[in-house]
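# A look at the structure
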Amino acid sequence: MLTANTTAIVTGGASGLGAATAAALAAAGSRVIALDLPAACESGPAVEGVQYVPTDVTSEQEVRAAVATASDDPAKPLRIVVNCAGIGPSTRILGRKGVHDLALFRKVVEINLVGSFTVMALAAEAIAQTEPDADGQRGVVINTASIAAFDGQVGQAAYSSSKGGIVGLTLPAARDLAQYGIRVVTIAPGIVETPMLATVSEEFRGAFKRATDWREFKQQVEKFSVSPLVGLFVAGYSEVTYQLRAPQDGKAHLKSMEAVERSLQRASVVEMGRMERS
């Protein structure tokens, strides 16, 4: 599926992974509707082709309005949805200050999981009404999980639960929407230095640092994982996998990063990854 002359919705589009994705899609020819909270939209980077629409992803009414905005140009049909909105506060289930704030747990799940589902469902309704392309495709939804869905750390009970929900949602959502020519895929980035990570307390950031080769891992993930993976999924790849190896020092490293990067560029089978056309 080509990105030129299409419209894309990117949630959390004013900063971090969302902003990088919005800019990449705009550069590839998409008209991008970037959804974020009002204050974030006001401070978002000015990027040609990116329009900020203040939206709370937990509000059905606001999401419907944003989808309507993204669907108002028949010459550039809504084809792409990338869910990046999320929060990641860190709290132990039982800590020195007592039990985990139950309202905070609900809030994390409401934004990260229910918010992603709301945007996906309402956008899919609009995408299903568009004309399919020459290959019978109407669009793609890319949800953002996290390495925490598979390897959650201390203090990540709420965040890992919400991201595990995104992983579990992927297959049934893909099967539900396949009849409309809408693909659903999920990416699971590692640790990336973003405004969301800045909200994590120093205690838990220290745990992340001990679990990874912090600088190398952060730089390498920033370098390739977001925009190229999103680009591959938009283009039509249904699966891209890569692995971490844990040496005896206990620190996780991306294995043969150069091989992964080359594979993403030429989109072929390599030692570390598997890519399959949908």
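Described below are features of the structure shown in this document. All values reported here derive from a predicted model rather than from experimental measurement.

### Focus: unusual backbone geometry
- Positive phi values are uncommon outside glycine, yet Asn-5 reaches one of about 60°.
- Inspection of the secondary structure assignment puts Asn-5 in the segment before β1 (7-11).

### Things to note about the nonpolar core
- Ranked by internal contacts, the top residues of the largest apolar core, which has 26 residues, are Ile-9, Val-67, Leu-78, Val-81 and Met-120.
- Beyond its immediate stretch of four places on either side in the chain, Val-67 contacts Ile-9, Leu-78, Leu-122, Ala-123 and Ala-126.
- Core analysis: the next-biggest nonpolar cluster, separate from the first, contains 17 residues, Ala-22, Ala-26, Ile-80 and Ile-187 among them.

### Quick look at helix α4 (residues 102-127)
- With 26 residues, α4 extends 36 Å between its outermost C-alpha atoms, agreeing within 8% with the 38 Å of an ideal straight helix rising 1.5 Å per residue.
- A bend of about 35° at Glu-110 is the largest found in α4.
- One side-chain oxygen at the N-terminal end of α4 lies 2.9 Å from the backbone nitrogen of Ala-103; it belongs to Asp-101.

### Focus: the pairing of strand β7 (residues 139-144)
- Most of β7 is tucked away: 6 of the 6 residues are buried.
- Burial along β7 is two-sided: the residues Gly-139, Val-141 and Asn-143 and Val-140, Ile-142 and Thr-144 are all buried.
- Summarising the sheet, strand β4 (residues 78-83) and β7 pair through 4 bridges and their orientation is parallel. Its bridge partner being in β7, Val-82 is matched across the sheet by Ile-142.
- In this sheet, strand β8 (residues 182-187) lies alongside β7 in parallel orientation, the contact comprising 6 bridges.

### Digging into the environment of Ala-75
- With respect to the helices and strands, Ala-75 occurs in the loop between α3 (60-70) and β4.
- Ala-75 sits in the exposed class, given a relative accessible area of 58%.
- The spacing of Ala-75 and Asn-5 is 70 residues in sequence and 7.0 Å in space, taken between C-alpha atoms.

### Thoughts on a nonpolar patch on the surface
- A cluster of nonpolar side chains, Ile-93, Leu-94 and Val-99, forms an exposed patch at the surface whose accessible area comes to about 350 Å².
- Note that Val-99 resides in strand β6 (residues 98-99).

### Focus on the sheet that holds β7
- In spatial order, the strands read β3-β2-β1-β4-β7-β8; together these 6 strands make up an open sheet with parallel pairing. The outermost strands of the open sheet, each flanked by one partner alone, are β3 (50-54) and β8. When strand polarity is set aside, the average angle formed by the axes of neighbouring strands in this sheet is 20°.
- The strands touched by helix α1 (residues 16-27) are β1, β2 (31-36), β3, β4 and β7; relative to β1, the strand with the most contacts, the crossing angle is about 170°.

### Concerning the packing of α3 against α4
- Packing of α3 against α4 leaves a shortest axis separation of 10 Å and a crossing angle of 40°. The orientation of α3 with respect to α4, classified from their angle, is oblique. In this structure, α3 crosses over α4, and the sense of that crossing is right-handed. Residues Glu-60, Val-63, Arg-64 and Val-67 of α3 lie in contact with α4, whose contacting residues are Thr-118, Val-119, Leu-122, Ala-123, Glu-125 and Ala-126.
- Residue composition of the contact of α3 with α4, by class: 6 nonpolar, 1 polar and 3 charged.

### What about the pattern of salt bridges?
- Overall, the coordinates contain 3 salt bridges when judged by the stated rule.
- For Arg-31, the salt bridge is made with Asp-72, and the minimal N-O distance between the two is 2.8 Å. With a gap of 41 residues between them, Arg-31 in strand β2 and Asp-72 in the loop between α3 and β4 connect regions that are remote in the sequence.
- Overall, the relative accessible area of 16% leaves Arg-31 in the buried class.
- We note a salt bridge from Glu-60 to Arg-64, for which the minimum N-O separation is 3.1 Å. Placement of both Glu-60 and Arg-64 in helix α3 is noted, with a separation of 4 residues, approximately one turn of the helix.
- Sharing partners across several salt bridges, the network here consists of Glu-60, Arg-64 and Glu-125.

Calculation criteria
- Here the residue numbering is sequential within each chain, running from 1 through the sequence in written order.
- Only residues with pLDDT of at least 70 are given local features in this predicted model, and only at 80 or more are side-chain atom pairs given and counted; all residues enter the totals for whole chains, interfaces and linings.
- Side-chain metrics rest on all non-hydrogen atoms present in the structure, leaving aside hydrogens and water.
- The way it works is that DSSP assigns letters per residue, a run of H or I at least four long becomes a helix, a run of E at least two long becomes a strand, and they are numbered from the N terminus.
- Residues belong to a common nonpolar core when they are buried Ala, Val, Leu, Ile, Met, Phe, Trp, Tyr or Cys residues joined through side-chain atoms within 4.5 Å.
- The buried label goes to any residue with under 20% of its type's maximum accessible area, the exposed label to any with over 50%, and the partly exposed label to all in between, with areas taken from a 1.4 Å probe on protein chains only.
- It only takes one pair of heavy atoms within 4.5 Å for two residues to be counted as in contact.
- Here, expected helix span is obtained from the residue count minus one, scaled by 1.5 Å.
- We define the bend at any residue as the angle between the axes fitted to the seven residues before and including it, ending there, and the seven starting there.
- Within 3.5 Å is the distance limit for a polar contact, defined as a pair of N or O atoms, with the added protein rule that one can donate a hydrogen and the other accept it, and that residues adjacent in sequence qualify only through two side-chain atoms.
- One bridge is not enough; two strands pair if DSSP finds at least two bridges between them.
- Nonpolar side chains (Val, Leu, Ile, Met, Phe, Trp, Tyr) within 5 Å and like charges within 9 Å form the patches, drawn only from residues with over 30% relative accessible area and no salt bridge.
- Exposure was quantified through the Shrake-Rupley algorithm and a 1.4 Å probe, taking into account, for residues, occlusion by the shown protein chains and nothing else.
- Whenever Lys or Arg places a side-chain nitrogen within 4 Å of a carboxyl oxygen from Asp or Glu, that contact is recorded as a salt bridge.
- Axis lines are fitted to C-alpha atoms, over the contacting stretch for helices. Their N-to-C directions set the angle, which ranges from 0 to 180 degrees.
- Orientation categories follow fixed angle ranges, with anything under 35 degrees roughly parallel, anything over 145 roughly antiparallel, 65 to 115 roughly perpendicular, and all other angles oblique.
- Whether a crossing is left-handed or right-handed is set by the direction in which the near helix is turned from the far one by less than a right angle, anticlockwise for left-handed and clockwise for right-handed.
- Under the scheme applied here, ten amino acids are nonpolar (Ala, Val, Leu, Ile, Met, Phe, Trp, Tyr, Cys and Pro), four are charged (Asp, Glu, Lys and Arg), and all others, including Gly, are polar.

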